[in-house]
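Geometric and topological summary
One letter stands for each residue in the lines below.
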Amino acid sequence: MADQETPVFQIQRVYLKEASLEQPNSPAILLEQEAPTVDIQLGVNASPVADGIFEVSVRATVQTKVKDKTVFLVEATQAGIFEIRNLPEDQMSQVMGIACPQIVYPYLRGNVADLIQRGGFPPVHLAEINFQAMYEQQQAQLASQAQAEAPLTQ
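Residues numbered from 1 in each chain as written. Predicted model: local features only at pLDDT ≥ 70, side-chain atom pairs only at ≥ 80, totals over all residues. Heavy atoms only, no water.

In this section: the side chain of Q78. Examined against the element boundaries, Q78 turns out to sit in strand 4 (residues 69–85). Looking at Q78, its side chain comes within polar contact range of the main-chain oxygen of Y15, at 3.1 Å. Those residues in contact with Q78, other than ones at most four positions away along the chain, are V14, Y15, L16, K17, V56, S57, V58, V104, Y107, L108 and N111. (Helix = DSSP H or I, 4+ residues; strand = E, 2+ residues; numbered from the N terminus. Polar contact = N/O pair within 3.5 Å; in protein donor to acceptor, adjacent residues only side chain to side chain. Contact = heavy atoms within 4.5 Å.)

By convention here, two paired aromatic rings are described through the distance between centres and the angle between planes. Per the stated rule, a full pass over the model turns up three aromatic pairs. Between F9 and F82, the aromatic rings sit 5.8 Å apart at their centres with planes inclined by 20°, giving stacked as the arrangement. A residue pair is termed long-range when its members are at least 10 positions apart, and F9 in strand 1 (residues 8–22) and F82 in strand 4 qualify at 73 residues. Measuring from ring centre to ring centre gives 5.5 Å for Y105 and F131, while their planes differ by 75°; the resulting arrangement is edge-to-face. Of this pair, Y105 sits in helix 2 (residues 89–118) while F131 sits in helix 3 (residues 131–149), placing them 26 residues apart in sequence. For F131, a relative accessible area of 2% translates into the label buried. (Phe/Tyr/Trp six-rings, centres within 6.5 Å; stacked < 30°, edge-to-face > 60°. Buried < 20%, exposed > 50% of the residue type's maximum accessible area, 1.4 Å probe, protein only.)

Within a sheet, each strand pairs with its neighbour through backbone hydrogen bonds, oriented either parallel or antiparallel. Judged by pairing direction, the sheet is antiparallel, and its four strands sit side by side in the order 1-4-3-2 without closing on themselves. Where the open sheet ends on each side, the last strands, each with one partner, are strand 1 and strand 2 (37–50). On average, each strand axis in the sheet is tilted by 15° relative to the strand beside it, whichever way the strands run. Alignment of strand 1 against strand 4, held across 13 bridges, turns out to be antiparallel. Bridging from a neighbouring strand, E22 pairs with L73 of strand 4. (Pairing = 2+ DSSP bridges. Axes fitted to C-alpha atoms, helices over the stretch in contact; angles between N-to-C directions.)

Here's what the structure looks like:
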């Protein structure tokens, strides 16, 4: 009976869910001498797959531009399937928002750098991410939104 209450956290699989590289202005843009600007966006998503099984994915979008023209655009999603059971709800949210992305993210970093390099560019290395700070910031935003949307009562 005690085994049914023991917390479970296991990695079932880590995989590259989606990846794309676009070079819409090649080859002309490759002759530009100006240094490109780099914009990096990250997002985390978690969804149930089955009872106690969850998919957590981290998505990166890397876009470089010279002036207003795109040099390259990389979009990649790295995902993991995790078995998570017997955790309190507040801990479930933290595990899926912090622990799981920390496991998946290094694979995403490697795949993005490799994809960019295979496209003929110097690799763009994604910085380390503090997923705990990112999670806490998202929770604070949700709390302030909920507070702003709550009806005024007297």
